[in-house]
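Spelled out, the chains give:
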Amino acid sequence: MSAPSPPIRRQLMKVLLLTSTVVILFACAMFVTYEVVTFKKSVVRDLDILSDAIARNSTAALAFDNAGDARAVLSAFSADPHIVAAALYDKSGTLFATFPEAVPQSLLPAQVQDSGIRFESGYVSGFRPVELNGEQMGTLFVKSDLKAIDASFRLYGLITLGVIVLSVLVAYLVAKPLQARISAPILGLAETARAISNARDYSVRAQPADVLEVNLLTEAFNHMLTQIQHSELRSKAQLGRLHLLQHITGAIGDRHDLSSIFQVVLRKVEEDLPIDFGCMCLYDSATATLTVNTVGVASRALLPSLGLAEQSVIPIDGNGLTRCIRGQLVYEPDVREVQFPFPQRFAASGLYSLIIAPLLVEANVFGILIAARRAPESFSSGECEFLMQLSSHVALASHQARLHGALRQAYDELRQSQHTVMQQERLRALGQMASGIAHDINNAISPVSLYTESLLEREPNLTEKGRASLTIIQQAIDNVAGTVARMREFYREREPQMSLKLVDLNQVAAQIIELTRAKWFDLPQQRGIAIELKTDLAPGLPGIMGAEGEIRDALTNLIFNAVDAMPEGGTLTVRTRATPGDGETQVVRIEVGDSGIGMDEETRRRCLEPFFTTKGERGTGLGLAMVYGMVQRHSAQFDIESAVGRGTTMQIGFPAYTQPIIPATRVTESALVVQRLRVLLIDDDPIIIKALEDAFDGDGHVTVAASGGRTGLAKFAAAHGTENSFTLVVTDLGMPDIDGRRVAEGVKQLSPQTPVIMLTGWGARMLAEKEVPPHVDKLLSKPPRLQELRVAIRQLFS
């Protein structure tokens, strides 16, 4: 690495001093040379004049051969102190006289030489002929030293030295301000450049200098700073837009709805780009129109003057909008020059610069971004590029938001489906369990039902009290049978044969309120708790088609739950009303509300699950599940509104029935043919066998009992073809050896014309699931009702 150069001011000073010294030395050398040459000429001329004079005066001495006169003449050289030797030679060249007389021989020439003056060995000497009348009489030799020249040289040296010193001093004094004028601006430029570099402030400018060249350099330096400042401003603007783009991208990355994304983008662009107006529009390719979706908050004040509003429709009027819909970014520097309706809206509102950027995803434009400013030609190319990039990011985020929305909707639908399936599976399991229980209960109450009904029909001597008791027993059996039948209906769709009739919900609500009075009035009052009942039954309520018993049970459950939810008392509300449904239909609603403790979200979500209860041992968790089953079977709606501490309202909405009611045709007992039959009764339960025997015997039939399927088939086969052949077989389904299906098949194989009635506790479920065995003519459910048996028999033999 080479050593750094000395400062320019020192170099400048050195150059000036060296230059001046060389110049002075050269000048002095030239002067001395000139003086030496001139002085030699002068010496030669003086010596020549003097020798000529001496030679002229020496002719007589030579002519007369007078040496004394010759020495006297030569003594005239004493006037010149520099003459060191002189000699006069005669015509033959013999030394005639010398000056001084004792002149050293070394100073005299060895012989006479040609005329002329010459310098040699620190002397100047010359020969001059001595003539008289044109005849050379002899030769004069003269020799002078050069001390005068040496003295002159010393003087000239001193003068030269003084001149040099003086010139150096003058050069220094001259160079000092000169280097200040030259180096100071250069050093100032260097200091300015250093300060700019440290502070990165390119707005600083160097001061102009007096020196032309330095001033040109300063101007060039300032121009360079201007270019750097512009580049820095462009870089800062670009960096700012990149930061803004990054910030916007990050802000919309976690958002999954279009309006929220558009609002964030427009707010950031309005504040940080900035713009005077911005909005987002969605494009409908089917109608070729744009709809204003979102307008920036700061831009809304301009909507009236633009003739726009959110959700307003913008027709594609060609030019910029058409090109943008095709995927191009459109920049109108001055919309006043664009004669199309849409840009003219902006021109009329004082917005002269307009950018329309497409929201492009997978080569499809689904919307546009509009940005406008009041000043014409106010968008730079960098801002146009930024808006194009921003629209690409917004389009991508919007596309992802749409996908997320679709995925979320699919997920919600799947979750709802899963919830429904799980609910149905729970109900199915409960229904299957309830069916087994129902079978056993039906078997158990069948004898009771038959005997009670027989006693009521065939014992005229019963006391009023006894008949009333039997009637109550019969009603209790009917209620038990109905309850058991509904136990298996938790999961099952409405049975095709389920009997629906026109129901007046106001009437049912009034009956339930009265029947449950003990629950909501008497019992709470005994505990010192007051429950206020509020009824709001809409007059003229349309009827509904439904199973009144199920609806009654459901409302009873709802009222019981409402009372249980108010342990400290409160208000029980029962309300009916009709509301508009889909199209021209109406929905008849009945709701039961309480002001009790309410439910949290988890309880509300699970309250319909079978066996889920918040009542502890007091609850079974089946009440609301049964209500939900009834709602499903009636294709009704079930809504629950509840909040902790604010009570609960449960609402059931039934479709209103508007069609005329066709009364069902009933087969009267008198219309049926009664005949005496020989009946084979097959069942493994002896109590049911006994009850059936008594019932059939009471109607005048002849019965034979069999305690199982195998025994029954044997008895039927034994009697077949004889006078004791059976005209009717009544069999159970589930028996230990041979079940009712094989019994019916065996009977039909022997006697296809003999009717078979299957009487089973699974009857209702088998009918619902259309599982009637192929060889069974009639399928009846336990507990059997005499009337149903009679109707079935008469239908088979009519």
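So, how was this worked out
- Residues numbered from 1 in each chain as written.
- Predicted model: local features only at pLDDT ≥ 70, side-chain atom pairs only at ≥ 80, totals over all residues.
- Heavy atoms only, no water.
- Phe/Tyr/Trp six-rings, centres within 6.5 Å; stacked < 30°, edge-to-face > 60°.
- Helix = DSSP H or I, 4+ residues; strand = E, 2+ residues; numbered from the N terminus.
- Buried < 20%, exposed > 50% of the residue type's maximum accessible area, 1.4 Å probe, protein only.
- Lys NZ or Arg CZ within 6 Å of the ring centre and 35° of its normal.
- Core = buried A, V, L, I, M, F, W, Y, C linked by side-chain atoms within 4.5 Å.
- Contact = heavy atoms within 4.5 Å.
- Arc of directions from axis to C-beta.
- Patch = residues over 30% accessible without salt bridge, like charges linked within 9 Å, V, L, I, M, F, W, Y side chains within 5 Å.
- Areas by Shrake-Rupley, 256 points an atom, 1.4 Å probe, with all protein chains shown as cover.
- Salt bridge = Lys/Arg side-chain N within 4 Å of Asp/Glu carboxyl O.

## Quick word on the packing of aromatic side chains
Phase 1 of the analysis: In total, this model carries 7 aromatic pairs according to the counting rule given.
Phase 2 of the analysis: Pairing phenylalanine 277 with phenylalanine 346 gives two aromatic rings, centres 5.8 Å apart and planes at 70°, and the pair type is edge-to-face. A residue pair is termed long-range when its members are at least 10 positions apart, and phenylalanine 277 in strand E6 (residues 277-284) and phenylalanine 346 in helix H8 (residues 341-348) qualify at 69 residues. Here phenylalanine 277 and phenylalanine 346 have matching classes, each one buried.
Phase 3 of the analysis: The interplanar angle of 70° and the centroid separation of 5.1 Å between the aromatic rings of phenylalanine 342 and phenylalanine 346 together place this pair among those described as edge-to-face. One end of the pair is phenylalanine 342 and the other is phenylalanine 346, both in helix H8 and 4 residues apart, which spans about a single turn. For the residue pair phenylalanine 342 and phenylalanine 346, the accessibility class agrees, reading buried in each case.
Phase 4 of the analysis: In this structure, lysine 143 packs its charged tip against the face of tyrosine 123, placed 4.8 Å from the ring centre.

## Some thoughts on the nonpolar core
Phase 1 of the analysis: Among the nonpolar cores identified, the biggest contains 40 residues, and Leu505, Ile551, Leu558, Leu572, Phe638, Ile652 and Phe654 are the most heavily contacted of them.
Phase 2 of the analysis: Residue assignment for this core shows that the elements contributing at least two residues are helix H11 (505-515), helix H13 (548-564), strand E15 (570-580), strand E16 (586-594), helix H15 (623-633), strand E17 (637-643) and strand E18 (647-655).
Phase 3 of the analysis: Considering every element that reaches this core, the biggest residue donor is H13, with 7 residues.
Phase 4 of the analysis: Beyond its immediate sequence surroundings of up to four residues, isoleucine 652 is in contact with Leu558, Val588, Arg589, Ile590, Val627, Met630, Val631, Ala636, Gln637 and Phe638.
Phase 5 of the analysis: Within the second largest apolar cluster, 31 residues are counted, among which are Phe262, Met280, Ala357 and Val361.

## Describing H8
Phase 1 of the analysis: Listing the buried residues of H8 in full gives Phe342, Pro343, Phe346 and Ala347. Buried residues of H8 fall within an arc of 145° about the axis and therefore sit on the same side. Along H8, exposed side chains directed more than 90 degrees from the buried face belong to Pro341 and Ala348.
Phase 2 of the analysis: Looking at the packing, one finds that the buried side of H8 touches E6, helix H6 (303-306), strand E8 (313-315), helix H7 (319-325), strand E10 (353-361) and strand E11 (364-373).
Phase 3 of the analysis: Glycine 350 occupies a position one or two residues after H8 and carries a positive phi of about 80°.

## Remarks on a nonpolar patch on the surface
Phase 1 of the analysis: Together, Leu166, Leu169, Val170, Tyr172, Leu173 and Val174 make up an exposed nonpolar region whose accessible area comes to about 550 Å².
Phase 2 of the analysis: As for its placement among the helices and strands, tyrosine 172 is situated in helix H3 (residues 147-199).

## Considerations on the pattern of salt bridges
Phase 1 of the analysis: Applying the stated criterion across every chain yields a total of 30 salt bridges.
Phase 2 of the analysis: Residue arginine 552 is joined to glutamate 548 by a salt bridge in which the shortest nitrogen-to-oxygen separation is 2.8 Å. With a gap of 4 residues between them, arginine 552 and glutamate 548 both fall in helix H13, about one helical turn apart.
Phase 3 of the analysis: The salt bridge partner of aspartate 694 is lysine 690, with a shortest N-O separation of 2.9 Å. One end of the pair, aspartate 694, and the other, lysine 690, are both in helix H16 (residues 686-698), 4 residues apart, so they sit about a helical turn from each other.
Phase 4 of the analysis: Judged by relative accessible area, which is 25%, aspartate 694 ranks as partly exposed.
Phase 5 of the analysis: Given the relative accessible area of 42%, lysine 690 is considered partly exposed.
Phase 6 of the analysis: Ionic contacts of the salt-bridge type, sharing partners, join the residues Asp48, Asp52, Arg56 and Arg128 into one network.

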